[in-house]
Amino acid sequence: SKGGKEVSVDKIKGKVIGVLFSASWSMTAKSFLPRLISFYDAINAEKKRMEIILVSNDTSEEDMKQHMNEMPWLGIPYGDSVRIAYLQKYCGIFGVPTLVLLNRNGDIITRGGRMDIYTEPDSCYLKWVDASE
């Protein structure tokens with residue numbers, strides 16, 4: 001969590017999960033962030049239906065914390081290189097920003113979450129839910 005506390009898997013169980021690979025130094029990531037926050041807030045307005053987890057590619061813990069302060073979601077702790085490397089490999093990540101969507105079982109729905117939000121913001125969540133069933 002933002003406060004550095006561990007979050008139980010039960011908190012995100014049963015939701016579509018977005019894994020956001022991002023960094024504070026990326027201008028593309030900075031320009032995408034307001035759109036993603038608006039999308040996240042709208043999807044979760046009535047009920048928490050989706051969670052996003054930040055996987056930071058920042059070069060310092062301070063940079064990561066400042067970047068994460070802008071975000072209303074969870075994050076992998078800075079320096080947790082084992083989990084970060086695993087997620088980068090599992091999701092096939094080569095650059096930031098990338099938003100990978102996982103279904104309730106942890107299977108990849110799409111690696112194109114960022115493009116989905118830009119091109120079909122009103123329907124992509126339902127597309128992801130359909131793909132996860």
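Details of the structure are given in the entry above.
Residues numbered from 1 in each chain as written. Predicted model: local features only at pLDDT ≥ 70, side-chain atom pairs only at ≥ 80, totals over all residues. Heavy atoms only, no water.

A. Just the packing of aromatic side chains, in detail. Taken as a whole and assessed by the stated rule, the structure comprises four aromatic pairs. Aromatic pair Phe39 and Trp128: ring centres 5.7 Å apart, planes at 70°, arrangement edge-to-face. Taken as a pair, Phe39 in helix 1 (residues 27–43) and Trp128 in helix 5 (residues 124–132) lie far apart in primary sequence, 89 residues in all. On the basis of relative accessibility, which here comes to 7%, the residue Phe39 falls in the buried class. With a relative accessible area of 0%, Trp128 lands in the buried category. Considering the side-chain rings of Tyr40 and Trp73, the 5.1 Å spacing of their centres and the 75° angle between planes classify their relative orientation as edge-to-face. Taken as a pair, Tyr40 in helix 1 and Trp73 in the loop between helix 2 (61–68) and strand 3 (74–75) lie far apart in primary sequence, 33 residues in all. Considered together, Tyr40 and Trp73 belong to a single accessibility category, that of buried residues. (Phe/Tyr/Trp six-rings, centres within 6.5 Å; stacked < 30°, edge-to-face > 60°. Helix = DSSP H or I, 4+ residues; strand = E, 2+ residues; numbered from the N terminus. Buried < 20%, exposed > 50% of the residue type's maximum accessible area, 1.4 Å probe, protein only.)

B. Representation of the pattern of salt bridges in the model. One pass over the full model with this rule turns up five salt bridges. Put simply, Lys127 and Glu120 hold a salt bridge, and the shortest N to O gap is 2.9 Å. For Glu120, a relative accessible area of 26% puts it in the partly exposed group. Three or more residues are tied together by salt bridges with common partners; here these are Asp116, Glu120 and Lys127. (Salt bridge = Lys/Arg side-chain N within 4 Å of Asp/Glu carboxyl O.)

C. Inspection of unusual backbone geometry at higher detail. Following Val96, the chain continues into Pro97 via a peptide bond in cis, with omega recorded as -5°. Locating Pro97 in the fold gives a position in the loop between helix 3 (81–91) and strand 4 (98–102).

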